[in-house]
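Listed below are the residues making up each chain.
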Amino acid sequence: MASATGDRRGRRLVLKMSGEALASSASDEAIDAAVVQRLAEDIAAACSELDLQLAIMVGGGNIWRGTTGEAMGIDRATSDTMGMLGTVINALALQDAVERQGQPTRVLTAVHMAEVAEPYIRRRAIRHLEKGRVVIFAAGMGNPYFTTDTSAALRAAEIEAEMLLKGTHSGVDGVYSADPKVEPGAVRFDEVTFMDVISRDLRVMDLTAITFCKDNKLPILVFDLMAPGAVRRALAGGQIGTLIR
Ligand code: UDP
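Read on for a plain summary of the structure. All values reported here derive from a predicted model rather than from experimental measurement.

Looking now at the side chain of R155. Relative to the elements of secondary structure, R155 occurs in helix α5 (residues 148-158). At 2.7 Å, the side chain of R155 forms a polar contact with the side chain of E158. Setting aside chain neighbours within four positions, we find R155 in contact with M57, A110, Y120, F137, G140 and M141.

Bringing the sheet that holds strand β9 (residues 242-244) into the picture now. Strand order in the open sheet formed by 9 strands is β4-β3-β5-β2-β1-β6-β8-β9-β7, and the pairing between neighbours is mixed. Of all strands in the sheet, those bounded by a partner on one side alone are β4 (118-119) and β7 (191-192). The pairing of strand β3 (residues 105-109) with β4 spans 2 bridges and is classified as parallel. Each bridged residue has a counterpart across the sheet, and for L108 the counterpart in β4 is E118. Running over the sheet, helix α3 (residues 76-100) touches β1 (12-17), β2 (53-58), β3 and β5 (134-138) and is turned about 170° from β3.

Attention now moves to the pattern of salt bridges. Between side chains of opposite charge, pairing is possible as soon as their charged atoms come close. The tally for this structure, following the rule as stated, stands at 18 salt bridges. Among the salt bridges present, the one from K16 reaches D149, with a minimum N-O distance of 2.7 Å. With K16 in strand β1 and D149 in helix α5, this residue pair connects regions lying 133 residues apart in the sequence. Across the pair, exposure class does not vary: K16 and D149 are buried alike. For R203, the salt bridge goes to D201, with nearest N and O atoms at 3.2 Å.

Around the ligand sit 22 residues, and of these K16, R65, D80, N143 and T148 come closest. D80 has a polar side-chain atom sitting 2.5 Å from an oxygen atom of the ligand. A distance of 3.1 Å separates an oxygen atom of the ligand from a polar atom in the side chain of S151. Isolated, the ligand exposes 520 Å² of accessible area, and the fraction of that covered by the protein chains is 93%. Within the residue set of the shell around the ligand, elements represented by two or more residues are α3 and α5.

By the criterion of burial, β2 is predominantly enclosed, with 6 of the 6 residues buried. Burial of the side chains of β2 extends over both faces: Q53, A55 and M57 are buried on one face and L54, I56 and V58 on the other. Note that β1 and β2 share 6 bridges and pair parallel. Looking at β2, one finds that K16 is bridged to M57. Considered for its hand, the β-α-β crossover made up of β1, helix α1 (residues 33-50) and β2 is right-handed. Pairing of β2 with β5, which is carried by 3 bridges, proceeds in the parallel orientation. If you follow M57 over to β5, its bridge partner there is F137.

Conventions and cut-offs
- Starting from 1, residues in each chain are numbered consecutively following that chain's sequence as written.
- In keeping with the predicted nature of the model, local features appear solely for residues at pLDDT of at least 70, side-chain atom pairs appear and are counted solely at 80 or more, and the whole-chain, interface and lining totals rest on all residues.
- With hydrogens and water excluded, all non-hydrogen atoms of the structure serve as input to the side-chain values.
- For the purposes of this entry, the term helix denotes a DSSP run of H or I that reaches at least four residues, the term strand denotes a run of E that reaches at least two, and both are numbered from the N terminus.
- Polar contact is defined as a pair of N or O atoms within 3.5 Å, subject to the rule that within protein one atom must be able to donate a hydrogen and the other to accept it, and that residues adjacent in sequence are counted only when both atoms are side-chain atoms.
- In this description, contact between two residues means that some pair of their heavy atoms is separated by no more than 4.5 Å.
- Two strands pair if DSSP finds at least two bridges between them.
- Working convention: axes come from line fits to C-alpha atoms, limited for helices to the stretch in contact. Angles between N-to-C directions cover 0 to 180 degrees.
- What makes a salt bridge here is a side-chain nitrogen of Lys or Arg within 4 Å of a carboxyl oxygen of Asp or Glu, nothing more.
- Categorising residues by exposure relies on relative accessible area from a 1.4 Å probe, with only protein chains included: less than 20% of the type maximum marks a residue as buried, more than 50% marks it as exposed, and the intermediate range marks it as partly exposed.
- In these notes, residues near a molecule or strand are those with any non-hydrogen atom within 4 Å of it.
- Here the Shrake-Rupley method, with its probe set to 1.4 Å, supplies the accessible areas, and only the displayed protein chains count as covering residues.
- When the strands point away from the viewer, a crossover counts as right-handed if the route from the first strand across the helix to the second turns clockwise.

Shape descriptors only; they carry no functional weight alone.
Structure follows, in structure tokens:
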């Protein structure tokens, strides 16, 4: 049974990273290379220290969201495809930064673009992980109308990961009884059930992702990705965030 804390040495994990985590107020660009480097340092250090099998699903919200385009009158499926392509840009930025730390990676895309990256093939993803490469999933699951949260949950189940780690970028460091930005008295849970998240509408990930994880008994650790050293602590199994199971 997964726990929020404990030794994760040698474990297979999926980390979901929002696209906005790669941006910052210090830069006008969609990607702040200094932020990506800091995250990459944490990721590479955790992988080598803990011998992890780590796959990362990157979002694309810093570049484009399907719903943004839809609100502008762009066809939803087209707009979602634009969003998926945004995640590929982020995946390449992350690959570059992680490899500069000496950690081998492979980007696997759900939309085929053979000149850029390998296509996502489940058994190949597992093989890369077994060989110690960080796998970066790009283009979500390749279908419009979905998010990278749901894609991360799907891939985690497919590759038989033990846990999905959902790194938030909004300064909220776990699951709270209410929105802590609106209700200052809201309390953070160390652990919460899927049923509680659904019935109390705690909104930590999209509901499709939560339901999928519940049905497939895949625990989720929600934590603040941007806090210094947080990625390393979450990957290492330190006391951090909220475990949903
Ligand atoms: N997207 C999609 N199918 C997928 C994954 C993503 O259509 O399987 C599109 C969708 O338009 C989404 C955008 O890609 O808005 C960026 O992904 P997401 O919003 O999940 O990124 P994040 O919020 O994590 O940065």
